[in-house]
Amino acid sequence: MKQRRPLTIINGRLVLADRVERGAVRIADGMIADVGDVTPVNGDEVMDARGQLIAPGLVDFGVFAVDKPAFHFGGITRAALMPDQSPVLDVPSRVRYVAQSGKPDFWVHPLAAATKGLDGTNLAEIGLMREAGARGISTGRQWIGDSGTMLRLLQYAAMLDLVVVCHAEDAGLTGSAAATAGEMATRLGLSAAPAEAEALAVARDIALAELTGARVHFRQVTTAAALDLVRAAKARGWGVTAGVTPAHFMLSDLALADFRTFARLSPPLRQESDREAVRAAIADGTIDLIASGHDPRGPEDKRLPFADAAPGMAGAETLLAMVLTLVRDEVIDLPRAFDLVSGAPARLLDVVAGEIATGMEADVALVDPDKPWIIDSREMEASAGNTPFDGQPTQGRVTALWKGGVLV
Amino acid sequence: MTSTQHSPHSNRYPAGRMAFPHRDLLGIGQLERHEILYLLDEAEQWVTLNRQPSKHNDALAGMTIINAFFENSTRTLLSFEIAGKRLGADVVNMHAAQSSVKKGETLIDTAITLNAMHPDAIVIRHASSGAVALIADKVDCPVINAGDGSHEHPTQGLLDALALRHALRQRGAAGDDFTGLTITICGDILHSRVARSNVLCLTALGANVRLCAPPALMPHGIAGMGVTTFTNFDAALDGADVVMMLRLQTERMEGQFIPSPREYHHLYGLTKRRLAQAAPDALVMHPGPMNRGVEIDSDVADMLDRSIITRQVEMGVAIRMAALDVLTRTARGVPGWANKGEGQWV
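Remember, it's a predicted structure, so these values are computed and weren't measured experimentally.

Along chain A, the regular secondary structure elements total 13 helices and 18 strands. Against the compact-globule benchmark of 22 Å for 408 residues, chain A has a radius of gyration of 20 Å, which places it among compact chains. By principal-axis analysis of the C-alpha atoms, chain A measures approximately 65 × 45 × 40 Å. When the accessible surface of chain A is totalled, it reaches about 15,000 Å², and 50% of it is carbon and sulfur. Here chain A contributes 40 positive and 52 negative side-chain charges, whose respective centroids are spaced 3 Å apart.

Next comes the structure, spelled out in C-alpha cells:
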C-alpha cells in the first residue's frame, strides 16, 4: 500500500541522531520530506503527537520468525530474518520469497545461510542469494566449528561485501549445555558450559576477520571476556560489530530458578558480573545494536524439562521497553537508545531507514516513553508468549506506527 | 536416646501440618532444617516396624501409588514399592520402556494421563533435571522426586542422614544433627543428584562437607553451596569422620572425563590404606550401585564395623514410608493435617 496523502506529525519530540528536540515531521510519498520546524502543507493529514516521541521505526537485527503482530506492537518496521527457517534460507528462491513476505507493512531483510542446510561445512550460494535480496550472511544458531571453512566463508563474504552474522559459542565447549557454568547451574543440576566458550569463538572469528577483511557482526556478545576482545578489535580500527538482546542486560542466570524454560536461551543467561559488563559495553559503544532475538516458541517447545526445551524468547514486544530502562538508568540517552535499535541495525543492513531525517523511508513510531504496562505472557501479540520478563512491570509503549508513511 | 524419640508434642518443630507444609517432596533444597529432622524422626517408627517379622501397617490402605520411572532403576524402585506396600497402599509401577513416552507423548500429557487415574501419590524418576517439578505442577496429588537428572534425589539424601544418625547413635552420640562432623564425599560430583541432595541435607544438619573429584567431575561454583572442594583425595580424607563414595556415572558423560577406571582407582579409589588417613573409626557410605575395585575396594565396602552401606538400603525403605505417610496425611484427613488452606496446629 502506498501513502496516498502527505502526513505531518506535529507537537512531537523528535528523536534525532544526536539530540531530542520539539518539532514536527512531514511525510510524503512514503519518505520523510522534512524534519524540525515544519508546518503542515495545505491538504496534509495532520497528526498531533501531544508531546510524544517521534522516533524511527525499529529495525530488529536477527529474528527467527516473521511475526507481524508482535513486531508492530513493538514498533518494529523491519527485521533481519535469520536463515534458521524451515526450510533453511540457503537457496536464492527462498531468500527472494521471504524478502517479500512481510510487505507492504513490514519489511523482511533475509540473512542468507552461510552453509547449505546450516551444516557448517558446505558453502551455500551466497552470491546468488545476495542477488535475490539477502542483506547478510549468517551462521545461524550455531558456530562454524571448522576454522578452515570459516576462513573461506569470510574470504568469500569480503569479496561480496556482505556482513557475516556469527553465533559466538565454541561448540566443543558448549556441547549440549543448557546453562552457563556456575553455582546456579550446579544447584539445578543442569549441564553447563563455561562462559569462556564465547570468548574463544569471538577471538577466532576476529582473527579470521582481520585476516580476510570481512565485516563480522556478532549477533550476541554476552560475556565480559568476549566484550573485551570486541573492544580491542574496534580500537584497532576493525569493522567488527556486536549486538545483544535485552535478556542479557536485564537478567542473569538467577532467572533459571524453578527451571523456568522461558529463561532457556542461546547463549544461556550469564552470571551477574557478565550482565554488568554488557551494560558497560552498551554505555561505551562496544555493543553497537540491541535486537529482540524474537523466537516465539509454543508449549510444545517450552513446556518440557529445562534441558529438553528449545532455547529462545519472544522479544519483539518488549524490546523497546527494555532498552528504555537503560535510558531511565542513565546508561545511555534517548538518541543512543534509538540508534541501538534503529540506526545501527539499518546501517549494518545498508537500508535507507532507521533515522528521523529527510530522505529516509518514512518508518516512524510514535512512542510514549513513560506509559506503564505489565508484561503478561498470556496476553501477547506474538504467536507465543515465551518471554523471560513475564509479570514484570515496565514503561514505554509505541502508540502509533507508520511503515513507508502508511499507518499500520 | 530419649531425646531422640519422636514425640508429637515435642517442640523440635511445629505440630500438625505446619511440621511439613509441602504437598510434594521435590528436593532437599525446599526443606527447612526442622522439616528434615521431622522426616527423619517420622522414619524411626518404620525402622522399628521393618525389623519386625510382620511388617505391615494399613495407614495407606485403599490408596494408589504410582511409581513412574522414566529412567531405569532397580534399588530405588524396589525400595519405593516395598515402602508403599508395607503401608498398605496399592502400588503400581510404570516403566518408561512400557510407556507411551516412547511413542512421542509429551511428559505433560503423560502426567495428565497419570493424574486422571486418581493416584494418591506419584513417585517419579526422570533423566532430566527439573522434570519432576514440571510434572508435579500438573497433577493433583503429592509427588515424590525419586531422582531428576543431576538435580536432586531427596529420599537418598534423607536416608543417608538417617543411616548416619543411626550409626552415630549406636556409638553413643546423642546429637540430633551432625554439628562438628566432617564428611567427605568423593566421586562423580558433576553428574550426581545424590551428591547435591546430600550436600544440602548434611550442611543443613550442621556437617562440614568436603567434596572431592577430579576437576572435570567437580561442578563449577559448588563451593557456593557451603562446601570445601578438593582434587586430592588424600587431603580430602584427612581426619574425616565419614567417607561417602559415589560411582562414576558413565551413562551421563559426554566425552571422556577420566583416562581409565584403573587410573581413577589409583587416584580416587577408597582403599584400606587410604581410609587410614580419615578419623580412626571413620564410617564408610555408598549410595550404590557400587563398582568394586573402581571407587571402592571390597575389603573397605565389607568392613562390618565401619561400612554402613547396607544400613543405607535398610533406611531407604523407612524414609520412603515416612515420606508417603506424611505427604498423604492431608488426603487421609489425619487430625491436624486435614485443612488444606492454612496449616492448623494440633
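What follows covers helix α11 (residues 309-327) of chain B. Note on helix geometry: an α-helix contains 3.6 residues per turn, so any two residues three or four positions apart are oriented the same way. Compared with an ideal rise of 1.5 Å per residue, which puts 19 residues at 27 Å, α11 of chain B spans 27 Å between its outermost C-alpha atoms and is within 8% of the ideal. Within α11 of chain B, 16 of the 19 residues are buried, leaving the element largely enclosed by the surrounding structure.

Before going further, it helps to spend a moment on the interface of chain B and chain A. Chain B puts 20 residues into the contact, and the matching count from chain A is 17 residues. In this assembly, chain B and chain A are joined by 0 salt bridges. Counting across the chain B and chain A interface gives 6 residue pairs in polar contact (both at pLDDT 80 or more). Elements with a minimum of two residues in the side of chain B that touches chain A: α3 (107-116), α4 (131-136) and α6 (193-204) of chain B. Split by residue class, the side of chain B that touches chain A holds 8 nonpolar, 9 polar and 3 charged.

Moving on: the nonpolar core. Nonpolar side chains in soluble globular proteins tend to be buried together. With 99 residues, the main nonpolar core has Leu 164, Ile 185 and Leu 270 of chain B as its most contacted residues. Element by element, the count of residues in this core is highest for α11 of chain B, at 11 residues. The residues touching Ile 185 of chain B, leaving out its near neighbours within four places in the chain, are Asn 198, Val 199, Leu 202, Val 209, Arg 210, Leu 211, Cys 212, Met 244 and Leu 246 of chain B. Judged by nonpolar contacts, the second largest core, of 98 residues, contains Leu 53, Ile 137, Leu 256 and Ala 365 of chain A.

Residues and elements named next belong to chain A. Two elements in contact, helix α12 (residues 319-328) and helix α13 (residues 334-349), have axes whose closest approach is 9 Å; the angle formed by their N-to-C orientations is 145°. Along this stretch, α12 crosses α13, giving a crossing that reads as right-handed. Across the interface between the two elements, Leu 319, Leu 320, Val 323, Leu 324 and Val 327 of α12 pack against Leu 334, Ala 337, Phe 338 and Val 341 of α13.

Here the focus is the packing of aromatic side chains. Residues and elements named next belong to chain B. With the rule as written, the count across this model stands at 5 aromatic pairs over all chains. Ring centres 4.7 Å apart and planes at 85° place the aromatic pair Tyr 13 and Tyr 38 in the edge-to-face group. In this pair, Tyr 13 sits in the segment before α1 (33-50) while Tyr 38 sits in helix α1, placing the two residues 25 residues apart along the sequence. Overall, the relative accessible area of 7% leaves Tyr 38 in the buried class. When the ring of Tyr 38 is compared with that of Trp 337, the centres are 6.2 Å apart and the planes differ by 25°; the resulting orientation is stacked. Highlighted residues: Tyr 38 in helix α1 and Trp 337 in the segment after α12 (329-332), separated in sequence by 299 residues. Residue classification places Trp 337 among the buried residues on the basis of a relative accessible area of 5%.

Considering all chains together, one arrives at 45 salt bridges over all chains under this definition. We note a salt bridge from Asp 363 of chain A to Lys 403 of chain A, for which the minimum N-O separation is 2.9 Å. A residue pair is termed long-range when its members are at least 10 positions apart, and Asp 363 of chain A in the loop between α13 and β16 (364-374) and Lys 403 of chain A in strand β17 (residues 393-403) qualify at 40 residues. Lys 403 of chain A carries the same exposure label as Asp 363 of chain A, and that label is buried. Between Arg 169 of chain B and Asp 176 of chain B there is a salt bridge; the shortest N-O distance is 3.6 Å. Take Asp 176 of chain B: its relative accessible area is 21%, and that puts it in the partly exposed class.

Time to look at the side chain of His 294 of chain A. All names here are of chain A. Examined against the element boundaries, His 294 turns out to sit in the loop between β15 (289-290) and α11 (299-302). His 294 gets classed as buried once you look at its relative accessible area, which sits at 0%. At a separation of 2.8 Å, a polar atom in the side chain of His 294 contacts the side chain of Asp 67. There is a polar contact of 3.0 Å between the side chain of His 294 and the backbone nitrogen of Gly 315.

To continue, consider the environment of Ala 232 of chain A. All names here are of chain A. Looking at the secondary structure, you find Ala 232 in helix α8 (residues 224-235). Looking at Ala 232, the relative accessible area reads 33%, which means it is partly exposed. Counting along the chain gives 223 residues from Ala 232 to Ile 9, while the straight-line C-alpha distance between them is 43 Å.

A word on the packing of α1 of chain B against α11 of chain B. Residue and element names in this part refer to chain B. Here α1 crosses α11 at 120°, and the two axes come no closer than 8 Å. Classified by the interaxial angle, the pair formed by α1 and α11 is oblique. Here α1 and α11 pass one another in a crossing that is right-handed. Together, Tyr 38, Leu 39, Leu 40, Glu 42, Ala 43, Gln 45, Trp 46, Val 47, Leu 49 and Asn 50 of α1 and Glu 314, Met 315, Val 317, Ala 318, Ile 319, Met 321, Ala 322, Asp 325 and Val 326 of α11 make up the contact between the two elements. Looking at the contact of α1 with α11 residue by residue, the class counts come to 14 nonpolar, 2 polar and 3 charged.

All names here are of chain B. Here we have 4 strands laid out as an open sheet, ordered β2-β1-β3-β4, and parallel in their pairing. Each edge of the open sheet is held by one strand with a lone partner, namely β2 (90-95) and β4 (143-148). The sheet shows a mean angle of 10° between the axes of neighbouring strands, taken without regard to direction. Bridge count for strand β3 (residues 121-126) against β4 is 4 bridges, and the pairing is parallel. Its bridge partner lying in β4, Ile 122 is registered against Val 143. Contacts between helix α2 (residues 75-86) and the sheet are confined to β1 (64-69), β2, β3 and β4, with β1 contributing the most and set at about 180° to the helix.

Sheet strands pair by backbone hydrogen bonding; their relative direction is either parallel or antiparallel. All names here are of chain B. An order of β7-β6-β5-β8-β9 is seen for the 5 strands of this open sheet, with the pairing classed as parallel. Taken across any chain shown, the strands that pair with only one partner, and hence form the sheet edges, are β7 (228-230) and β9 (283-285). Sheet twist, expressed as the average angle between the axes of neighbouring strands with direction ignored, equals 20°. Sheet topology note: the strand β5 (residues 182-186)/strand β8 (residues 242-245) ladder contains 4 bridges and is parallel. Of the residues in β8, the one forming a bridge with Ile 183 is Val 242.

So, about the confidence of the model for chain B. All names here are of chain B. Averaged over all residues, the pLDDT of chain B is 92; the fraction at 70 or higher stands at 92%. Of the regions scoring below 50 in pLDDT, residues 1-9 engages in 12 contacts with residues more than four places distant in sequence or in other chains. Listed scores for the predicted complex are pTM 0.93 and ipTM 0.91.

What counts and how
Residues numbered from 1 in each chain as written. Chains lettered and ligands numbered in written order. Predicted model: local features only at pLDDT ≥ 70, side-chain atom pairs only at ≥ 80, totals over all residues. Heavy atoms only, no water. Helix = DSSP H or I, 4+ residues; strand = E, 2+ residues; numbered from the N terminus. Rg over C-alpha atoms; globule rule 2.2 N^0.38 Å. Areas by Shrake-Rupley, 256 points an atom, 1.4 Å probe, with all protein chains shown as cover. Lys, Arg positive; Asp, Glu negative; His and termini not counted. Charge placed at Lys NZ, Arg CZ, Asp CG, Glu CD. Expected span 1.5 Å × (residues − 1). Buried < 20%, exposed > 50% of the residue type's maximum accessible area, 1.4 Å probe, protein only. Contact = heavy atoms within 4.5 Å. Salt bridge = Lys/Arg side-chain N within 4 Å of Asp/Glu carboxyl O. Polar contact = N/O pair within 3.5 Å; in protein donor to acceptor, adjacent residues only side chain to side chain. Nonpolar A, V, L, I, M, F, W, Y, C, P; charged D, E, K, R; others polar. Core = buried A, V, L, I, M, F, W, Y, C linked by side-chain atoms within 4.5 Å. Axes fitted to C-alpha atoms, helices over the stretch in contact; angles between N-to-C directions. Left-handed = near helix turned anticlockwise from the far one by under 90°. Phe/Tyr/Trp six-rings, centres within 6.5 Å; stacked < 30°, edge-to-face > 60°. Parallel < 35°, antiparallel > 145°, perpendicular 65-115°, else oblique. Pairing = 2+ DSSP bridges. pLDDT = per-residue confidence, 0-100.

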